[in-house]
Amino acid sequence: MFLSTASYLLGTLWAGMVIGISFVAQPAKFKTPQLTRVAALATGRQIFRSMHAAEAVLASACILLSIFSAGHNADKPLYLATGILLMQVFALMPPLSRRVDLLLAGKELHGSSHHLIFAVLEVIKLALLIVFALPLFTLTYHG
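Residues numbered from 1 in each chain as written. Predicted model: local features only at pLDDT ≥ 70, side-chain atom pairs only at ≥ 80, totals over all residues. Heavy atoms only, no water.

**Quick word on the nonpolar core**
- Ranked by internal contacts, the top residues of the largest apolar core, which has 25 residues, are Trp14, Val18, Leu78, Phe118 and Leu129.
- When contributions to this core are tallied by element, the ones reaching two or more residues are helix 1 (2-29), helix 2 (37-68), helix 3 (76-104) and helix 4 (113-142).
- Excluding residues that lie within four positions of it along the chain, Phe118 makes contacts with Phe48, His52, Gln88, Leu92, Met93 and Leu96. (Core = buried A, V, L, I, M, F, W, Y, C linked by side-chain atoms within 4.5 Å. Buried < 20%, exposed > 50% of the residue type's maximum accessible area, 1.4 Å probe, protein only. Helix = DSSP H or I, 4+ residues; strand = E, 2+ residues; numbered from the N terminus. Contact = heavy atoms within 4.5 Å.)

Here is the structure:
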């Protein structure tokens, strides 16, 4: 029971990190008048690199803990959230990073669906992490 509880706690931490960075800090950065667009883009790229590294550590730890726990029948949301993270890092971040490079070089670009897809996946990933962590609350209040 300890291992599954630890996994749910780490999943909750992961969800909190997604909320804090993706839905609070990143949007706020673009509303800061003293921060230029160039600085905001460069900072955002570095923040997401760091965040994705931390997410990979949390995802790996959650998966390992859930594998070694006695009952891991509610892990599908965790695996789906991890799959989304992999899609974001390996399929979406490279083209988004290239766009940032072009914008930093002063090029004017037309819209791209990559950012919208990334944002939608971020919402889905957060929902999956919340669903994954729900047994923690059951254990806390009924365990």
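**Remarks on the pattern of salt bridges**
- Inspection of every chain in the model, using the stated rule, returns 3 salt bridges.
- Between Arg45 and Asp101 there is a salt bridge, with its nearest N and O atoms 2.6 Å apart. Residue Arg45 is located in helix 2, and its partner Asp101 is located in helix 3; the two are separated by 56 residues in the primary sequence.
- When its relative accessible area of 14% is taken as the criterion, Arg45 is described as buried.
- Connected through shared salt-bridge partners, Glu55, Glu122 and Lys125 make up one network. (Salt bridge = Lys/Arg side-chain N within 4 Å of Asp/Glu carboxyl O.)

**Some points on the packing of aromatic side chains**
- On inspection of all chains with the given rule, the structure shows 2 aromatic pairs.
- Geometrically, the ring pair formed by Phe48 and Phe118 is edge-to-face, given 5.4 Å between the ring centres and 85° between the ring planes. Note that Phe48 is positioned in helix 2 and Phe118 in helix 4, a separation of 70 residues in sequence.
- By relative accessible area, which is 15% here, Phe48 ends up buried. (Phe/Tyr/Trp six-rings, centres within 6.5 Å; stacked < 30°, edge-to-face > 60°.)

By themselves these figures say nothing about function.
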